[in-house]
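# Summary of structural features
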Amino acid sequence: MTSSTVRPEDQDRAAEQDVARRLLDSSAKLSYDPATEVDWDTPLDTDHHGASPEWSTLYATPYWGELTEDQRKALTRQEAASVASTGIWFEMILQQMVLRDMYAKDPTDPRFQWALTEIADECRHSIMFARGAAKLGAPAYRPRRPVLELGRAFKTLAFGEAAYAAILVAEEVLDVMQRDWMRDERVAPFVRTINNIHVVEESRHMKFARDETRKRLREAGPVRRHLNALVVAIASYYIVTSMVNRDVYANAGLDAARARAEAKTNEHHKSLMRSSCSGLMEFLASARLLTKPALFFYKRADLI
C-alpha cells in the first residue's frame, strides 16, 4: 500500500520553491531599469545633499556646527558616494558567493532561477551606484588594502549560512539608511531615485537571504554554528566600518584629521546605527548567531 505521508524534507523543499516563485513573480512585476529610471543627464545641483544630513558621520559634532551649509552638502555628497562604492564592493562579493552556491544545481528549480535573477539585479545596482558616485563628483572610494584582501578570502571560503547572513547584514544596513534618504527632499533627486530602486529590489533579496540562512542553519551543529557566527560578525564589522572612507573629509574640503577624530567619537551616529539595526540583531539572535565572540565585533561596529 502506497503511503500518502509527505516527508518533512519534501514539504520544506516545496515551501522554498513556492517562496522563490513568488520572488520571481515580484521581480517580473516590480523591477526598474536604472539606465532609464534615473535622471543621468541633468547636471548635479550642488544645492542638494547626497544623503540626509542626520546620517552624516559628523552630524551633531562641534565641527558640524562650524561648517557652512555648502560644506555640509559637499560632505554628504562624498559620504553618499563612499557608501555607494562600498555597496559595489560587497555586491561583487555577493554575486560570486551566490554563483558558487548555485554551481551545478538544478536549473529548473525556481530557487536556482531566483538566484540568477538576484545576481542580475546586483549587476544593475553596481552600475547604478557607480554612475551615481561619478555624478556626485567623487573619486573611486575603495576599502583599505587589508580589507580588500579579507573580502577576497571571504568570497572564496564563506559558505552556507555564513554567506547568506553576511549578505543580509550588508543589505539591511543599507536598506535602513536609504529608506530615510529616498524620502528626504533635501537629497538630490537622482540619489533619491537610486535609493528607491535599491530599497524596492533589495527587499526581495533580503527575504531570500533570511530564508536561506534559516535553511542552512537547520543542518548546522554547534561547532559550525559558533564558527560561522564569528565569521559573519567579523565580515559585518569590516563592511560597516568601510562604508565611509577616511578620504571623504579631505575631498569635501575639510580638515581631515579633525573630522576623522570627531567622527570616531560621534555618539549620535553610533546611536543611529544601533537603532537602525535592531531588527537585524533580533533576527540574528533568533537564528542563534549572536554568540559572545560575535557580539564583540557587533559592539565594535556600533551595531548593538
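Residues numbered from 1 in each chain as written. Predicted model: local features only at pLDDT ≥ 70, side-chain atom pairs only at ≥ 80, totals over all residues. Heavy atoms only, no water.

## Looking at the packing of helix α7 (residues 160-183) against helix α13 (residues 278-286)
Two elements in contact, α7 and α13, have axes whose closest approach is 10 Å; the angle formed by their N-to-C orientations is 160°. Our classification of the angle between α7 and α13 gives roughly antiparallel. Crossing handedness for the pair α7 and α13: right-handed. On α13, the residues touching Leu168, Val169 and Glu172 of α7 are Leu280, Phe283 and Leu284. (Axes fitted to C-alpha atoms, helices over the stretch in contact; angles between N-to-C directions. Helix = DSSP H or I, 4+ residues; strand = E, 2+ residues; numbered from the N terminus. Parallel < 35°, antiparallel > 145°, perpendicular 65-115°, else oblique. Left-handed = near helix turned anticlockwise from the far one by under 90°. Contact = heavy atoms within 4.5 Å.)

## So, the nonpolar core
Judged by nonpolar contacts, the single largest core of 92 residues is most densely connected at Leu58, Phe90 and Tyr249. When residues of this core are assigned to their parent elements, the largest contribution, 14 residues, is made by helix α4 (residues 69-102). Those residues within four positions of Tyr249 in sequence are excluded, and the remaining contacts are Thr57, Leu58, Leu75, Glu79, Val244, Leu254, Ala256, Ala259, Arg260 and Ala263. (Core = buried A, V, L, I, M, F, W, Y, C linked by side-chain atoms within 4.5 Å. Buried < 20%, exposed > 50% of the residue type's maximum accessible area, 1.4 Å probe, protein only.)

## Quick look at the pattern of salt bridges
Per the counting criterion, the structure on display carries 25 salt bridges. Asp18 serves as the salt-bridge partner of Arg22, at 3.2 Å between the closest nitrogen and oxygen. Taken together, the positions of Arg22 and Asp18, both in helix α1 (residues 8-29) and four residues apart, correspond to about one turn of that helix. For Asp18, a relative accessible area of 36% corresponds to the partly exposed category. With a shortest N-O distance of 2.8 Å, Arg258 and Glu66 are connected by a salt bridge. In this pair, Arg258 sits in helix α11 (residues 256-264) while Glu66 sits in helix α3 (residues 62-66), placing the two residues 192 residues apart along the sequence. Assessed through its relative accessible area of 27%, Arg258 is described here as partly exposed. Linked by salt bridges that have partners in common, Arg13, Glu16, Asp109, Arg111, Lys215 and Arg218 make up one network. (Salt bridge = Lys/Arg side-chain N within 4 Å of Asp/Glu carboxyl O.)

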